[in-house]
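# Observations on the three-dimensional arrangement
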Amino acid sequence: MVIIALFATALAGTLSGTVNGDGGAIIPNADVYAINPGLQAAKTNTDSTGTFPFGTLPHGKYRIWVIPNESDPHVARYYPKAPSYCEGALLHLAAEPVVANLELPLGDALSGLVTDANGAPISNIRIRAESDSGAASRDCLTDEQGQFRIAGLEPDSLWKLQASKTGIPVQWWGATYDQSEAIEVNPISNPTLPAWAVLHGISVNGTVYGPSGPVPDATVRVYSSRQLVQAKTDTSGQFTSTG
């Protein structure tokens, strides 16, 4: 995973290109990064025609990384068509404009249903797919029926699924809060998962007092070994932290 720190651009060279998908499909609203060897990056997005402009960037060498939006079925790639940072081509940017066009392949997909303990669907839970292979993670939200579909997964990879939403503890497919215990999923052999009944965790209630009595609008943070949950006290100094 590349850790990105944005840097300020200076008058120098220009970098642009076009991102297409399978069969020449236009890929709009994709995140495009120009990353130098120091892992500093500038970011832009493709427009409605799949074109991206960086304008002016400092002279130097850059790898181009394209991440399609959540609903797009194509996979992330480094220019020209590499799955990982180290395999991507270094482009030398100087006074002359540089054009880098990419074509993204189609990826795999995983679908499922998220419910509470009673089987009622839960909407707006963020489902994140991560792979130990180093492939780019992908995200989506469950719809009003609790259903989700994560597209654009790197082929030939196994995936661990994370569920997160305010009021529900962060957890992984396999009924665990620990990523190392999560069950890996193969999109080829198991593209549609059984219903996922999420764990709802516990609630912590209390009142915050100061020298003059209850403290309203105080921030209360509840720490566990794997996550942090934050709440605010009401006008009576009371708080409830769930998940």
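So, how was this worked out
- Residues numbered from 1 in each chain as written.
- Predicted model: local features only at pLDDT ≥ 70, side-chain atom pairs only at ≥ 80, totals over all residues.
- Heavy atoms only, no water.
- Helix = DSSP H or I, 4+ residues; strand = E, 2+ residues; numbered from the N terminus.
- Buried < 20%, exposed > 50% of the residue type's maximum accessible area, 1.4 Å probe, protein only.
- Contact = heavy atoms within 4.5 Å.
- Areas by Shrake-Rupley, 256 points an atom, 1.4 Å probe, with all protein chains shown as cover.
- Lys, Arg positive; Asp, Glu negative; His and termini not counted.
- Charge placed at Lys NZ, Arg CZ, Asp CG, Glu CD.
- Phe/Tyr/Trp six-rings, centres within 6.5 Å; stacked < 30°, edge-to-face > 60°.
- Salt bridge = Lys/Arg side-chain N within 4 Å of Asp/Glu carboxyl O.
- Polar contact = N/O pair within 3.5 Å; in protein donor to acceptor, adjacent residues only side chain to side chain.
- Pairing = 2+ DSSP bridges.

### A closer look at the overall build of the protein chain
A tally of regular secondary structure across the protein chain gives zero helices and 23 strands. Considering only C-alpha atoms, the protein chain reaches an extent of 65 × 50 × 30 Å along its principal axes. A buried classification covers 42% of the 243 residues belonging to the protein chain. For the protein chain, long-range pairs separated by at least 24 residues make up 62% of all intrachain contacts whose partners lie at least 6 apart in sequence. Carbon and sulfur atoms form 52% of the exposed surface of the protein chain, whose accessible area is close to 12,600 Å². In the protein chain, the 14 positive side-chain charges and the 22 negative ones have mean positions that sit 5 Å from each other.

### Comments concerning the packing of aromatic side chains
Counted under the stated rule, the structure contains five aromatic pairs. With a centroid separation of 5.7 Å and an interplanar angle of 35 degrees, the aromatic rings of Tyr33 and Trp65 are classed as tilted. A residue pair is termed long-range when its members are at least 10 positions apart, and Tyr33 in strand E3 (residues 31-35) and Trp65 in strand E6 (residues 60-67) qualify at 32 residues. The pair formed by Tyr33 and Trp65 is uniform in burial state, with each residue classed as buried. Their ring planes at 85 degrees and their centres at 5.4 Å tell us that Trp173 and Trp196 sit as a pair that is edge-to-face. Here Trp173, found in the loop between strand E16 (168-172) and strand E17 (196-197), pairs with Trp196, found in strand E17; they are 23 residues apart in sequence, far enough to count as distant.

### A look at the side chain of Arg138
Its place among the elements puts Arg138 in strand E13 (residues 138-141). Buried within the structure, Arg138 lacks any salt-bridge partner; Asp72 is the closest side chain of opposite charge, at an N-O distance of 5.5 Å. A polar contact of 2.7 Å, which involves the side chain of Arg138, links it to the backbone oxygen of Pro68. One polar contact links the side chain of Arg138 to the main-chain carbonyl oxygen of Asp72, over a distance of 2.9 Å.

### A closer look at the environment of Thr233
Secondary-structure assignment places Thr233 in the loop between strand E22 (228-232) and strand E23 (238-242). For Thr233, a relative accessible area of 6% corresponds to the buried category. Spatially, the C-alpha atoms of Thr233 and Ala100 are 52 Å apart, while their sequence positions differ by 133 residues. Contacts of Thr233, omitting those with residues within four sequence positions, involve Val208, Val215, Pro216, Asp217, Ala218, Val220, Gln238 and Phe239. From its side chain, Thr233 meets the backbone nitrogen of Ala218 in a polar contact 2.6 Å long.

### Details of the pairing of strand E4 (residues 40-45)
As paired strands, E3 and E4 are joined by five bridges and run antiparallel to one another. The partner of Tyr33 across the bridge, within E4, is Lys43. Connecting E3 to the antiparallel partner E4 that follows it, the hairpin turn spans four residues, and Leu39 within it adopts a positive phi of roughly 65 degrees.

### Quick look at unusual backbone geometry
A cis amide bond links Tyr79 with the next residue in sequence, Pro80, at an omega value of 0 degrees. Inspection of the secondary structure assignment puts Pro80 in the loop between strand E7 (77-78) and strand E8 (91-93). Its identity as a non-glycine residue notwithstanding, Leu39 has a phi of 65 degrees, on the positive side. Mapped onto the fold, Leu39 is located in the loop between E3 and E4.

### Thoughts on the environment of Ile202
The topology assignment puts Ile202 in the loop between E17 and strand E18 (203-207). The exposed category is assigned to Ile202, whose relative accessible area is 64%. The spacing of Ile202 and Gly24 is 178 residues in sequence and 50 Å in space, taken between C-alpha atoms.

### Overview of the side chain of Thr176
Within the element layout of this structure, Thr176 appears in the loop between E16 and E17. Given a relative accessible area of 7%, Thr176 falls into the buried group. In terms of polar contacts, Thr176 uses its side chain to reach the backbone amide nitrogen of Asp178, at 3.0 Å. Among the polar contacts listed, one links the side chain of Thr176 to the side chain of Glu181, at a separation of 2.9 Å. Not counting the four nearest positions on each side in its chain, Thr176 is found in contact with Gln171, Glu181, Ala182 and Leu199.

Everything listed here is a matter of geometry and, on its own, says nothing about what the molecule does.
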